[in-house]
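Residue-level structural notes
Residue-level listing of the chains:
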Amino acid sequence: RPAAGAPQESGTTAPAASAGAYADAGVCATCHEEVANALKRTVHGRTSVGTWDGGVSCQSCHGPGAAHAEEGDKSKIRNPKNLSPDQQSAVCLTCHERGDRAQWRGSPHEGRGVSCTTCHAVHQTGDPAPKLLRKGTEFATCTSCHLKRKASLMRSAHMPMREGSMRCTSCHNVHGSAGPSLLKQFSVNENCYACHAEKRAPVLWEHPPVREQCTLCHDPHGSLHPRLLVAKQPRLCQQCHDETRHPTQPYSDASAAPEFFPNARMFDRGCMNCHSQIHGSNHPAGMRFLR
Amino acid sequence: PARAEDDQDKDQDKVEGSVTAGPQYRGDDRPGGSAKFEEYRDVPGGFIAERFILTYRPRDGFVIDVDARDLSQKDQSAFLQFGKQDRWKAYFNWSENPRRWTDQAKMLYADRGGAVFTLEDTLQSAVQAAASTSVDADANGQWDPGTRGALIKQAILSGANDVFVGYQRRTGTGGVRFTPTRSWTIDVRADRELRNGTTPQSLGNYFTLSPSEVAAPVDFRTDTATVTAEYAHKRWLFGAQVSASMFDNNFKSLTWDNQLSLTESGSATSAVPARERMALWTDNSVRRATVYGGFDLPGHTRVNATVSRSETTQDDPFLPMTANSLLTPSALPAASFDGKFKNTLAEVRVSSRPASWIRWSGWVRQYELKNDSPELDFADYVATDTSIPFCSNANSCGNTASRLARRNLPYGYEKTNIGGSAGFHWVQWVDLTFGVEREKMKRDFSAVENSHDDTLKLAADFDVSDWLNVRATLRHQERRADSYDAAYFEESFPIGEQNVAASNEGMRKFYWTDRDRDAASLLVELTPHPKFSIYMETTYAYDAYLDPDTGKKIGDSFSSIEDRDFIGGADPPYTIRLAGRTKDLNTTSTLGLSGSPSARFNYYADYTRERFKYGLETRYRTPTSGIGTDNPLDNWGSGAHDQYNTANVGFDYQLTKKGEWKIALDGSRSVGRGDIETHFVPGGNASSDTTLTQFPHLKTVLTLATLSLTHAVSKDLDYTIRYWYETWNEDNWAADQMQPYMGDPTNDPGSVTAVYLGMDFKNYTNNVVSALVRYRF
């Protein structure tokens, strides 16, 4: 969670530390040896890239440190712990406001007071966690706030997240995106097509809800029902289709004319026993998605 | 103390990393285990190479990183990256994962290659010669010998072979990222994804034929190339990306034998097929160009914008209208379908924090899927390789001798979002955010061509102190159709749709209806002691669906006078029931706690309860007559309920002060239940030809636990003994009876001649013990 406390200063650019000069590179380790050595195990400790105004290494985040180094006065060095969430993030964005983080400002997480350091820990002891995540793994990080998603993982029909083949960021860009729900792509469907490319083609007979939004029928976070369907068949289909063509009774276990009764069409995949091409068909006779 | 810069030299020529490997024992409660356990993974017995990590810095600033997992397994992955720090890097990634659909399938069909599936001629001819209706004259629960049902069942029991249904996904990525200056980033990347194996494919039929199912071949390849260039300045940024992606499917169609007939027979417009054919996924390609950027304005304001345009195309040749040589459909209007989507995104987002106590943002976003595919008129069509339908209602089609024509409707839509929010942080302990948004939707070929969805949102975050954080969100949404075309069903297939008069005008597809949505969420974190925390989340969402024409709730009825039979004279009155989804309710609650009583001990426990309810109301109608019954006593409703209860618990503990010995436990149990209840109105069921039966419950239970004991022998060497217990049980009335034959008279007479795979998963209880040694170098 973002640290409590009033912001000291509004900032979408990194807040100034004490005015002054930069200390020599490496001087910080004179007193902060343990921190400096741990930092060297991370990309932050290896990069030579500095801030736009020339700060490198520790001082790229903590600001000019000559006065602090000389006097040991804690007030003369920037301590991100004392900054408001947006100011903390502004420090990081000095270098990281690009690529996947280019849309952080104005994003839902930013708007709710989440800062970079809510999820990431720059200073880590021992082996650095992937992406310097504070909680070690992506899933643990995201579900510390999105609690119900932790439970979703255990559902019978699920994406291979529990098995480690997918992560939250397989679909979401938590740093802000031009897509809905922080999706990496520009629409729900485009996101799904990233792995299910076979479903993206325009076809002769389109099934409108399929083309519009996969999540009308599928819950990507997990479901009780096969194929991540949001509801049990045939009810899922009957939310839109309960007109003629088929008897609308959901299930009957007796019939004088077996081949005309719905049972065979209710088992297994229900309606899709016959309408198997429900995602659309390119067959000239496929308007009912049977071919 | 040594200065950090002095240590830089020591880093050169340094090789560090770790290897984790060891023996693993897997104990299944039944031979062969369950494919559900390995639905997406590979858990072998024997020696496993779980992880290999290497970082090598051969010279100043040059780094090589390797990270590999589960080598030689079906879910292995490997990552290689090398390059000069801050200048360039090349990266390669390879990952695999299986997708196992079932371990119990039996396939009666023989796979002849090329997605052609056949049955024994003797079976087809015997079924063809048998009476069309299976009977159980002696009422022994078995179809009488020689009937179709008996022949199909016997063939499945004696001739169906075990078949593995599943595929392997392999994904490879390679690229180079170049940062010639601090501002420039250029990334060139290529991806390839392969999918090979089989997938369950049901083979669609009409009422006159029975469904079939085979393990259809999957042979997909997707290649994507992406080039991104970005220039970042202190106060602005600009980027551009172009990409191209091609999907190739090695199997464009699937052909299968009709289990009911060896030979074709019939007329030029109605004939029993011996073989049938369906289309599979088409090849396709996507080309995309995106530009994005952002810049700062005074007042701590940032403007971000993205514009993207893509084109998705396919032009696969059409299959013939039918595989039945006796039928004589008209010539196709085109040799192929020149399908084309154009997707356009434009988004501008402005966010500002002019003072410490206030922030605001505004956004405009437009996303369009423009379907430029052609509209083709088909003079007729063939239903399930069996017949060429004729106009059945002369009043609607003009002549019963006319063949039913068809026209495809290239569906497209455009979504526009305009919104803004303002946040206030007047006092230390509370932060308030107000937000509004309008989403406008415009659709082609839809009963609702224009609609809007307005959202009002309030968020309140309370940071009362270090020991209490509260986050609350309230949201209200109203979706309204600008207009509703109730006769759309007649218009959607304008060229001679049969039985058009029997369509349910009251049908409101739930994503076209008006909808009121109320949602709320509350997250509380209580930390009464620095070493102990309690957290809680609860969410609530309620959707109510309304008729766009009348404003009535779905499920209500109203009277209408209209010409539904296309016969002249006075139009009769009808009582129309607004049919469709009525309301949805979703609630979730989580309660958890965690603590660290000492530096050596951490624990957590949480419980989540989720509930989903979906309501449906409609009216029974028979499909046999031109008009159909329309009796309020045939009103029926249904409620679907899904619920999940999930509990997690765990701890880790250092058994010794220095941490040489550690023990950790993680366990969880999740129970999912689903049921559907159905009901007629009191005193209803006027049609009297059906008895509603409740759907049996569906229940799944997953329990898993891992217990690990780790001993650090030295700084560079440790080993872990890990015990992993996992059990899964499913009670699924549909799948459990698909083994694979289910067409017994007392079981399901409706499936008497169906030939399913009988897909299901075995329940399982697995014990996995591994002894993994990790050596760090």
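Only a predicted model underlies this, so the values are computations on that prediction, with no experimental measurement involved.

Looking only at helices and strands, one finds 13 helices and zero strands in chain A. Seen in sequence order, chain A has helices and strands lined up from the N terminus as α-α-α-α-α-α-α-α-α-α-α-α-α. Taken across its 291 residues, chain A has 58% of its residues classed as buried. If you take every contact in chain A between residues at least 6 apart in sequence, the share linking residues at least 24 apart comes to 50%. Working note: accessible area of chain A is about 11300 Å², and carbon and sulfur atoms make up 58% of it.

A count of helical and extended segments in chain B gives six helices and 38 strands. Residues counted as buried form 51% of the 777 residues belonging to chain B. Taking as baseline every contact in chain B between residues at least 6 positions apart, the subset at least 24 positions apart corresponds to 67%. Carbon together with sulfur atoms contributes 57% to the accessible area of chain B, which is approximately 33400 Å² in total.

Attention shifts here to the side chain of arginine 99 of chain B. All names here are of chain B. Examined against the element boundaries, arginine 99 turns out to sit in strand E5 (residues 88–102). Residue class for arginine 99 comes out buried when judged on its relative accessible area of 13%. Polar side-chain contacts of arginine 99 include one of 3.2 Å to the side chain of glutamate 39.

Moving on, we come to empty space enclosed by the protein. Tallied over the entire structure, the rule returns ten cavities of 30 Å³ or more. Empty space within the second largest cavity amounts to approximately 110 Å³. Around the second largest cavity sit 14 residues that line it, and Val203, Gly280 and Ser281 of chain A together with Leu280 and Trp281 of chain B are the ones nearest its centre. Of the residues belonging to the lining of the second largest cavity, the class tally is five nonpolar, six polar and three charged.

Attention shifts here to the pattern of salt bridges. Opposite charge on two side chains permits them to pair, given that their charged atoms come into close proximity. Taken as a whole and judged by the stated rule, the model has 58 salt bridges over all chains. For aspartate 296 of chain B, the salt bridge goes to arginine 105 of chain A, with nearest N and O atoms at 3.0 Å. Of the two residues, aspartate 296 of chain B is situated in strand E18 (residues 284–297) and arginine 105 of chain A in the loop between helix H5 (85–96) and helix H6 (108–111); the pairing between them involves two chains. This pair shows no difference in class: aspartate 296 of chain B is buried, exactly as arginine 105 of chain A is. With its nearest N and O atoms 3.2 Å apart, the salt bridge here joins lysine 252 of chain B to aspartate 283 of chain B. Note that lysine 252 of chain B is positioned in the loop between strand E13 (236–249) and strand E14 (253–257) and aspartate 283 of chain B in the loop between strand E17 (275–279) and E18, a separation of 31 residues in sequence. The class of aspartate 283 of chain B is buried, set by a relative accessible area of 19%. Residues participating in the shared-partner salt-bridge network are Arg41, Arg46 and Asp127 of chain A together with Glu16, Arg57 and Arg776 of chain B.

Residue and element names in this part refer to chain B. Taken together, the side chains of Trp236, Phe238, Val291, Phe295, Leu297 and Val307 present a nonpolar region at the surface, about 520 Å² in accessible area. Breaking the nonpolar patch down by element, the ones donating at least two residues are E13 and E18. Of the residues forming the nonpolar patch, the biggest block, three residues, is contributed by E18. Take phenylalanine 295: it is sitting in strand E18.

Aromatic ring pairs are described here by two measures, namely the spacing of the ring centres and the angle between the planes. All names here are of chain B. All told, the structure shown has 26 aromatic pairs over all chains when counted by the stated rule. Summarising the aromatic geometry, the rings of phenylalanine 220 and phenylalanine 247 are spaced 5.1 Å apart at their centres and angled 65° between planes, so their arrangement reads as edge-to-face. Separated by 27 residues along the polypeptide, phenylalanine 220 in strand E12 (residues 212–232) and phenylalanine 247 in strand E13 bring together distant segments of the chain. Like phenylalanine 247, phenylalanine 220 is buried. Pairwise contacts between aromatic rings join Phe37, Trp724, Trp728, Phe761 and Tyr764 into one cluster.

For an α-helix the count is 3.6 residues per turn, leaving residues at separations of three or four pointing the same way. Residue and element names in this part refer to chain B. Residues of helix H2 (residues 121–129) that are buried include every one of Leu123, Gln124 and Val127, and no others. Buried residues of H2 fall within an arc of 95° about the axis and therefore sit on the same side. Away from the buried face of H2 by more than 90 degrees, exposed residues Thr122 and Ala129 are located. Buried residues along H2 sit against helix H3 (148–159) and E14.

Let us now look at the packing of H2 of chain B against H3 of chain B. Residue and element names in this part refer to chain B. The geometry of H2 relative to H3 is characterised by a closest axis approach of 9 Å and an angle of 165° between their N-to-C directions. One finds that H2 runs roughly antiparallel with respect to H3. Crossing hand, H2 versus H3: left-handed. Contacts from Leu123, Ala126, Val127 and Gln128 in H2 reach Arg148, Leu151, Ile152 and Ala155 in H3. Looking at the contact of H2 with H3 residue by residue, the class counts come to six nonpolar, one polar and one charged.

So, on to the sheet that holds strand E7 (residues 110–111) of chain B. All names here are of chain B. Read from one edge to the other, the open sheet built from four strands follows the order E7-E8-E14-E17, with strand pairing classed as mixed. Strands at the two margins of the open sheet, each flanked by one partner only, are E7 and E17. For E7 and strand E8 (residues 116–118), the ladder comprises two bridges, and the chain directions are antiparallel. Residue pairing for E8: alanine 110 is matched across the bridge by threonine 118.

Further remarks concern the pairing of E17 of chain B. On any regular strand, side chains alternate: one points to one face of the sheet, the next to the other face. All names here are of chain B. For E17, a buried count of four out of five residues is recorded, marking the element as mostly surrounded by other parts of the structure. Strand direction decides the pairing type here: E14 and E17, joined by five bridges, are antiparallel. In the sheet register, leucine 254 faces E17, and the bridge partner there is methionine 278.

Residues and elements named next belong to chain A. According to the stated counting rule, one finds zero disulfides over all chains in the structure shown. For the unlinked cysteine cysteine 116, the closest cysteine sulfur is that of cysteine 92, found at 3.9 Å. In this structure cysteine 217 is a free cysteine whose sulfur lies 7.1 Å from that of cysteine 237, the closest cysteine sulfur available.

All names here are of chain B. With respect to the helices and strands, aspartate 380 occurs in the loop between strand E22 (377–378) and helix H4 (394–397). A polar contact is formed between the side chain of aspartate 380 and the side chain of arginine 403, at a distance of 2.5 Å. Discounting residues that sit within four places of it in the chain, aspartate 380 has contacts with Met321, Thr328, Pro329, Ser330, Ile388, Arg403, Leu404 and Ala405.

Below, the discussion takes up the environment of aspartate 652 of chain B. All names here are of chain B. Along the chain, aspartate 652 falls in strand E34 (residues 635–654). Placed 48 residues apart in sequence, aspartate 652 and tyrosine 604 show a C-alpha to C-alpha distance of 9.4 Å. Sequence-distant contacts of aspartate 652, defined by excluding residues within four places in its chain, comprise Arg600, Phe601, Asn602, Ile663 and Ala664.

All names here are of chain A. Mapped onto the fold, valine 35 is located in helix H1 (residues 33–39). Taking the relative accessible area as the measure of exposure, valine 35 reaches 38% and is therefore partly exposed. As for valine 35 and glycine 54, which are separated by 19 residues in sequence, their C-alpha atoms are 22 Å apart.

Moving on to the confidence of the model for chain B. Residues and elements named next belong to chain B. Here chain B averages 89 in pLDDT, while 89% of its residues score no lower than 70. Within chain B, the lowest mean pLDDT, 45, falls on helix H1 (residues 4–11), and the highest, 98, falls on E13. Scored below 50 in pLDDT, residues 498–502 shows 21 contacts in the model against residues more than four places distant or in partner chains. The low-confidence segment residues 623–628, where pLDDT is below 50, has twelve contacts with residues more than four positions distant or belonging to other chains. The ipTM, which scores confidence in the relative placement of chains, is 0.93 for this predicted complex, and the corresponding pTM is 0.93.

The next subject is the confidence of the model for chain A. Residues and elements named next belong to chain A. When pLDDT is averaged across chain A, the result is 84; 84% of the residues are at 70 or more. Looking over chain A, one finds the lowest element-wise mean pLDDT in helix H13 (residues 235–238), namely 84, and the highest in helix H11 (residues 188–193), namely 97. Low pLDDT (under 50) marks residues 1–12, which in the prediction has 45 contacts with non-local residues, meaning those over four places away or in another chain. Note that pLDDT drops below 50 for residues 250–262; the model gives that stretch 35 contacts with residues more than four away or on any other chain.

Below, the discussion takes up the nonpolar core. Counting residues in each nonpolar core, the largest one holds 34 residues, and the members touching the most others are Met107, Leu108, Tyr109, Val214 and Leu254 of chain B. Those elements giving two or more residues to this core turn out to be H2, H3, strand E10 (165–178), E12 and E14 of chain B. For this core, the leading source of residues is E12 of chain B, giving five residues. Excluding residues within four positions of it along the chain, leucine 108 of chain B makes contact with Thr118, Leu119, Leu123, Ala155, Ile156, Gly159, Ala160 and Val755 of chain B. Judged by nonpolar contacts, the second largest core, of 31 residues, contains Leu229 and Ala285 of chain A together with Phe612 and Ile676 of chain B.

Thresholds, definitions, all that
Residues numbered from 1 in each chain as written. Chains lettered and ligands numbered in written order. Predicted model: local features only at pLDDT ≥ 70, side-chain atom pairs only at ≥ 80, totals over all residues. Heavy atoms only, no water. Helix = DSSP H or I, 4+ residues; strand = E, 2+ residues; numbered from the N terminus. Buried < 20%, exposed > 50% of the residue type's maximum accessible area, 1.4 Å probe, protein only. Contact = heavy atoms within 4.5 Å. Areas by Shrake-Rupley, 256 points an atom, 1.4 Å probe, with all protein chains shown as cover. Polar contact = N/O pair within 3.5 Å; in protein donor to acceptor, adjacent residues only side chain to side chain. 1 Å grid on protein atoms, 1.4 Å probe; cavity = no way out; pocket = protein on both sides within 12 Å on 5 of 7 lines; lining within 4 Å. Points joined across faces, edges and corners; volume = space filled by probe spheres on them. Nonpolar A, V, L, I, M, F, W, Y, C, P; charged D, E, K, R; others polar. Salt bridge = Lys/Arg side-chain N within 4 Å of Asp/Glu carboxyl O. Patch = residues over 30% accessible without salt bridge, like charges linked within 9 Å, V, L, I, M, F, W, Y side chains within 5 Å. Phe/Tyr/Trp six-rings, centres within 6.5 Å; stacked < 30°, edge-to-face > 60°. Arc of directions from axis to C-beta. Axes fitted to C-alpha atoms, helices over the stretch in contact; angles between N-to-C directions. Parallel < 35°, antiparallel > 145°, perpendicular 65-115°, else oblique. Left-handed = near helix turned anticlockwise from the far one by under 90°. Pairing = 2+ DSSP bridges. Disulfide = S-S within 2.5 Å. pLDDT = per-residue confidence, 0-100. Core = buried A, V, L, I, M, F, W, Y, C linked by side-chain atoms within 4.5 Å.

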